[in-house]
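What follows is the residue order along each chain.
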There are 2 protein chains.
Amino acid sequence: MTRLSLNQITTKGWSLAQAVRGCVDAGIPAIGLWRDKVAETGVAEAAKLVRDAGLAVSTLCRGGFLTAPDPDGLRAALAENLRALEEAAELGTDTLVMVVGGLPEGSRDLVGARERVAELLGELAPHAGDFGVRMAIEPLHPMFCADRAVVSTLGQALDLAERFPASQVGVVVDSYHVWWDPYLSAQIDRAGDRIASYQVCDWTLPLPADALLGRGHVGDGCIDFRAMTDQVTAAGHTGWIEVEIFNQEIWDTPGEETLRTVLERHGAHVEPADAGPARGEPA
Amino acid sequence: MTRLSLNQITTKGWSLAQAVRGCVDAGIPAIGLWRDKVAETGVAEAAKLVRDAGLAVSTLCRGGFLTAPDPDGLRAALAENLRALEEAAELGTDTLVMVVGGLPEGSRDLVGARERVAELLGELAPHAGDFGVRMAIEPLHPMFCADRAVVSTLGQALDLAERFPASQVGVVVDSYHVWWDPYLSAQIDRAGDRIASYQVCDWTLPLPADALLGRGHVGDGCIDFRAMTDQVTAAGHTGWIEVEIFNQEIWDTPGEETLRTVLERHGAHVEPADAGPARGEPA
């Protein structure tokens, strides 16, 4: 069975119901959900939709944003993340992707922001355990350090995650964010069963005017997906491989066409048929 | 005496002669030169211009681009870097900034590109020693990994530099490229006298359409320059602090005005008058 999962941001124009239908029609066995799309449908109805369609839910995106500079902001972040954990459990996924947040407006205190992330993860971790949902810290590319995530490398994400039980806090390996890292191989090995999610899309040039939207289809850029996938798999992650693409041009493409490209590229670059011995079923 | 040096790219609209005059008029005691500007004037004439003006030459920018995939390309890179070392010596600077180059067009072999950088540095290092010029490896922000520099962190630059004598290969600490690094403090400590150049400009948002041109005046973004400068100085770099800004808006500003801003920001954020005991004269 393919390990492919569709992160639904890749077909941003589709509602949750359309994305579920698209996956079923294309033979994609899993989906990564976004909270805003789930909210449009309602959590209970969304859970029923994916369950009735026979889809696995690889992740829920996303919790995080833990760097507020004031007690009220931090309390609000805690409450929001508890809701996200609860939603993840109700949707039937064991993984909540965490984008930890950037520097507060006007702040230059990167060390302090990172400390707040560690503290709030500590408060949330036992609750994650109670919900049976693992928080997966996503290191974002360093170009997003100021405004989106003060966790920038896999090594740093592991330094954080390892303070907590592996069942409560893991990490995301997203090809786009980590491909450049000279110590990536060693950190993937180190990560082992902390890898809660493996997400793929390609690094393409030039960067677009909105740096968030520069991600390309697998195969369109400079990432060696075969090597990365082998490393992630050898480290112990035999679960889903989520295709997550932020790209206006792809978002403007009909969803069915996008899924055809996703499937074709996945077979050509990520899980080629000649990839050797079976890697086991997705978890 | 101030440690401030003007990297002449900051006043890109100025010729070398204008930049030299601007530094003298503004009381800036040193300048970082660019090879293209030097070439417009001629190396011998450029050397005379800065010498007669009493300016120190903090660096020459730049050598590097060592990742060509073919023997001809590598031979050409070697020859070009030898010329750059010779120019640096003739211009009276002991530091050649090295931007090592990105992935070759169409390549996904990041490991191979990095190996070529190490090999060519090895070939160049003894020549650097002969010229009395140190090659300063500049880690560039990871967003430039694909197209400009496969060396992305200070730690990685030091792993490379430490293969060679400290008199032949050092590193650049450029605030814009490394500020986000969670292990920056430890790597600056480690760098010690390998720090051949300390360059400053600020990380501002949003990133512009051309990601190369997003650098701001010190104080306009989110970098804590006081902390970084203290770390770099404590590590042993008591030399020049070069202001190097790539920014179209600043380039469109009259040079004299830019220098006024540079001086004001340097005093406010980088070398404040209340910074404690003198840090020694620039080398």
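Definitions and limits used
- Residues numbered from 1 in each chain as written.
- Chains lettered and ligands numbered in written order.
- Predicted model: local features only at pLDDT ≥ 70, side-chain atom pairs only at ≥ 80, totals over all residues.
- pLDDT = per-residue confidence, 0-100.
- Contact = placed C-beta atoms within 7 Å.
- Nonpolar A, V, L, I, M, F, W, Y, C, P; charged D, E, K, R; others polar.
- Pairing = 2+ DSSP bridges.
- Helix = DSSP H or I, 4+ residues; strand = E, 2+ residues; numbered from the N terminus.
- Axes fitted to C-alpha atoms, helices over the stretch in contact; angles between N-to-C directions.
- Least-squares fit on C-alpha atoms with pLDDT ≥ 70 in both.
- Parallel < 35°, antiparallel > 145°, perpendicular 65-115°, else oblique.
- Left-handed = near helix turned anticlockwise from the far one by under 90°.
- Core = buried A, V, L, I, M, F, W, Y, C linked by C-beta atoms within 7 Å.
- Buried ≥ 20, exposed ≤ 12 C-beta atoms within 10 Å, placed from the backbone.

Looking at the confidence of the model for chain A
Residues and elements named next belong to chain A.
Here's step 1: Across chain A, the average pLDDT comes to 95, with 96% of residues at 70 or higher.
Here's step 2: Here residues 276-281 is a poorly scored stretch, pLDDT under 50, and it has four contacts once near neighbours within four places are set aside; other chains count.
Here's step 3: The complex prediction reports pTM at 0.95, with the ipTM value standing at 0.94.

Digging into the interface of chain B and chain A
Here's step 1: Counting residues at the interface gives 23 residues for chain B and 22 residues for chain A.
Here's step 2: For the side of chain B that touches chain A, the residue count by class is 14 nonpolar, five polar and four charged.

Thoughts on the sheet that holds strand 7 (residues 195-200) of chain A
Residues and elements named next belong to chain A.
Here's step 1: An order of 1-2-3-4-5-6-7-10 is seen for the eight strands of this closed barrel, with the pairing classed as parallel. Direction aside, neighbouring strands of the sheet carry axes that sit 30 degrees apart on average.
Here's step 2: Relative to strand 4 (residues 95-99), strand 3 (residues 56-64) is paired through four bridges, and the arrangement is parallel. When the sheet's bridge partners are listed, Leu60 is paired in strand 4 with Leu96.
Here's step 3: The sheet strands contacting helix 6 (residues 154-161) are strand 5 (134-137) and strand 6 (169-174), and the helix crosses strand 6 at an angle near 170 degrees.
Here's step 4: Where helix 9 (residues 225-235) meets the sheet, its contacts fall on strand 6, strand 7 and strand 10 (241-243), and the angle it forms with strand 7 comes to roughly 170 degrees.

Some details on the sheet that holds strand 6 (residues 169-174) of chain B
Residue and element names in this part refer to chain B.
Here's step 1: Strand order around the closed barrel formed by eight strands is 1-2-3-4-5-6-7-10, with parallel pairing between neighbours. If you compare each strand with its neighbour and ignore which way they point, the axes differ by 30 degrees on average.
Here's step 2: The sheet contacts of helix 5 (residues 110-131) involve strand 5 (134-137) and strand 6, and relative to strand 5 the element is tilted by about 140 degrees.

Brief notes about the relation of the copies chain B and chain A
Two chain copies, one operation linking them: a rotation about an axis together with a shift along it.
Here's step 1: Between chain B and chain A, which share one sequence, the superposing operator has a rotation angle of 180 degrees and an axial displacement of 0.0 Å; the RMSD is 0.0 Å. Taken together, the rotation and translation relating the two chain copies correspond to the operation of a two-fold axis. For chain B, the minimum C-alpha distance to the rotation axis belongs to B:Ala209 and amounts to 2.0 Å.

Let's talk about the packing of helix 1 (residues 16-26) of chain B against helix 11 (residues 255-270) of chain B
Residue and element names in this part refer to chain B.
Here's step 1: It is the contact of helix 1 with helix 11, at a shortest axis distance of 10 Å, that shows an interaxial angle of 45 degrees. Classified by the angle their axes make, helix 1 and helix 11 are oblique. Seen from above, helix 1 lies across helix 11 with right-handed handedness. The segment helix 1 lies against helix 11, with Gln18, Gly22 and Ala26 engaging Gly255, Glu256, Leu259 and Leu263.
Here's step 2: Taken together, the residues of the contact of helix 1 with helix 11 break down into three nonpolar, three polar and one charged.

Focus on the packing of helix 6 of chain A against helix 8 (residues 184-191) of chain A
Residues and elements named next belong to chain A.
Here's step 1: Between helix 6 and helix 8, the least distance of the axes is 9 Å, while the angle of their chain directions is 25 degrees. Classified by the angle their axes make, helix 6 and helix 8 are roughly parallel. When you trace helix 6 past helix 8, the crossing you get is left-handed. Residues Leu154, Gly155 and Leu158 of helix 6 form the contact with helix 8, whose own contacting residues are Leu184, Gln187, Ile188, Arg190 and Ala191.
Here's step 2: In terms of residue class, the contact of helix 6 with helix 8 is built from five nonpolar, two polar and one charged.

Focus: the nonpolar core
Here's step 1: Core analysis: the biggest nonpolar cluster contains 192 residues, and A:Ile137, A:Val171, B:Ile137 and B:Val171 have the highest contact counts within it.
Here's step 2: When sequence neighbours within four positions are dropped, the list of residues in contact with B:Ile137 reads B:Met98, B:Val100, B:Val151, B:Ala157, B:Leu160, B:Ala161, B:Val169, B:Val171 and B:Val172.

Topic: the pairing of strand 7 (residues 195-200) of chain B
All names here are of chain B.
Here's step 1: Counting buried residues along strand 7, six of its six residues qualify, which places the element largely inside the surrounding structure.
Here's step 2: As paired strands, strand 6 and strand 7 are joined by four bridges and run parallel to one another. Across the sheet, the residue bridging to Asp174 is Gln199, located in strand 7.
Here's step 3: Summarising the sheet, strand 7 and strand 10 (residues 241-243) pair through three bridges and their orientation is parallel.

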